[in-house]
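The chain contents come next:
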Amino acid sequence: MKDELIAHIKKYRLRKKVAVDDVSSEYDVLSVRGIDGLLADCSDVVVQSMDPRVRALGLRVVVSTRLDDVTALHSSAVECDEIEYHELRCRLGVCEGVVDLPPGKSLPLESNLDYMNGVSFAKGCYLGQELTARTHFTGVTRKRIVPLEIDSVDWTVGAAFPPPESAIVSSQGKSAGKVRSGVGRFGLGLLRLAFI
């Protein structure tokens, strides 16, 4: 996916002299919770920002080297492991990545990007802007990404969440949507709002 992203960005640099390189081996991205506000000066921190999608996801930090202990950033910092982060993200209804947002199949409003600071209705000229603005201003969005939780006595801890693209069926047996992703008993699904 990394190579596809770089190729996509390079298509839109036009005549600008901009270098687009893979630097993923030089930096690491952390999700840090337990801190109110930004970190004080730290030599390892390159960029930091509160997660603009949902404040409960905490601070997003790009560091220049892999830290053994996030308390080096702040004494009350708590780093989420990857599973804990994805579980929290699913519980909050926040989608990310190509599994939750399949390229060419996802619409910004269905993916809740209008609620998570991912779409601007003031800025013009971005890919898909006309369809996104028209959908927003007509007020008709028939499907949305929603949090899912398996609430069944048959589900056991450690069991896998249904795989992406699994059908979600209503109690009347009608197709209500599809699973996007999940971890543990929490996941995300693209559901028709009529079934909620």
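Reading guide: rules and limits
- Residues numbered from 1 in each chain as written.
- Predicted model: local features only at pLDDT ≥ 70, side-chain atom pairs only at ≥ 80, totals over all residues.
- Heavy atoms only, no water.
- Helix = DSSP H or I, 4+ residues; strand = E, 2+ residues; numbered from the N terminus.
- Buried < 20%, exposed > 50% of the residue type's maximum accessible area, 1.4 Å probe, protein only.
- Contact = heavy atoms within 4.5 Å.
- Pairing = 2+ DSSP bridges.
- Axes fitted to C-alpha atoms, helices over the stretch in contact; angles between N-to-C directions.
- Polar contact = N/O pair within 3.5 Å; in protein donor to acceptor, adjacent residues only side chain to side chain.
- Salt bridge = Lys/Arg side-chain N within 4 Å of Asp/Glu carboxyl O.
- 1 Å grid on protein atoms, 1.4 Å probe; cavity = no way out; pocket = protein on both sides within 12 Å on 5 of 7 lines; lining within 4 Å.
- Points joined across faces, edges and corners; volume = space filled by probe spheres on them.
- Nonpolar A, V, L, I, M, F, W, Y, C, P; charged D, E, K, R; others polar.

Let's shift gears to the overall build of the protein chain. Helix and strand content of the protein chain: four helices and eight strands. Going residue by residue from the N terminus, the α and β elements of the protein chain occur as α-β-β-β-β-α-α-α-β-β-β-β. Taken along its principal axes, the extent of the C-alpha atoms in the protein chain is 60 × 50 × 30 Å. Looking at the 196 residues of the protein chain, the share that counts as buried comes to 32%. Put simply, 55% of the contacts in the protein chain that link residues at least 6 apart link residues at least 24 apart.

Glancing now at the pairing of strand β3 (residues 59-63). Burial along β3 is one-sided: the face carrying L59, V61 and V63 is buried and the face carrying R60 and V62 is not. In this sheet, β3 lies alongside strand β1 (residues 28-33) in antiparallel orientation, the contact comprising five bridges. Within the sheet, the bridge partner assigned to L30 lies in β3 and is V61. Relative to β3, strand β2 (residues 45-50) runs antiparallel, the two sharing five bridges. Residue pairing across strands places M50 opposite L59, the latter belonging to β3.

Read across the sheet, four strands follow the order β5-β8-β7-β6 without closing on themselves; strand pairing throughout is antiparallel. In this open sheet, the two strands that pair with only one neighbour each are β5 (143-149) and β6 (167-169). The average angle at which neighbouring strand axes cross in this sheet is 35°, direction not considered. In this sheet, strand β7 (residues 175-183) lies alongside β6 in antiparallel orientation, the contact comprising three bridges. In the sheet register, V169 faces β7, and the bridge partner there is S175.

On to the environment of R53, then. Here R53 is to be found in the loop between β2 and β3. Measuring from C-alpha to C-alpha, the distance between R53 and V146 comes to 15 Å, with 93 residues separating the pair along the chain. Setting aside chain neighbours within four positions, we find R53 in contact with R60, Y85, V94, C95, E96, Y115 and M116. Among the polar contacts made by the side chain of R53, one reaches the side chain of D51 at a distance of 2.8 Å. A distance of 2.8 Å separates the side chain of R53 from the side chain of E96, its partner in a polar contact.

In this section: the pattern of salt bridges. Using the criterion set out here, one finds 12 salt bridges in the structure. Residues D100 and R89 are paired through a salt bridge, measuring 2.6 Å at the closest nitrogen-oxygen approach. Note that D100 is positioned in helix α3 (residues 97-100) and R89 in helix α2 (residues 82-92), a separation of 11 residues in sequence. A single burial state applies to D100 and to R89, both of which are buried. R180 is paired through a salt bridge with E165; the nearest N and O atoms lie 3.2 Å apart. One end of the pair, R180, is in strand β7; the other, E165, is in the loop between β5 and β6, and 15 residues separate them in sequence. The class for E165 is partly exposed, based on a relative accessible area of 37%. Within the structure, one salt-bridge network assembled from shared partners comprises D51, R53, R60, R89, E96 and D100.

Mapped onto the elements, P108 comes out in the loop between α3 and α4 (129-138). Of the residues examined, P108 reaches a relative accessible area of 25% and is grouped as partly exposed. Apart from residues no more than four positions distant in its own chain, P108 is found in contact with L113, D114, V119 and T132.

This paragraph deals with the layout of surface pockets. Counted as a void, the largest pocket has a volume near 1700 Å³. Lining the largest pocket are 40 residues, and of these M1, L5, E96, G97 and V98 sit closest to its centre. If you list the elements that add at least two residues to the lining of the largest pocket, you get α1 (2-11), β1, α2, α3 and α4. Class assignment for the residues of the lining of the largest pocket results in 19 nonpolar, 11 polar and 10 charged.

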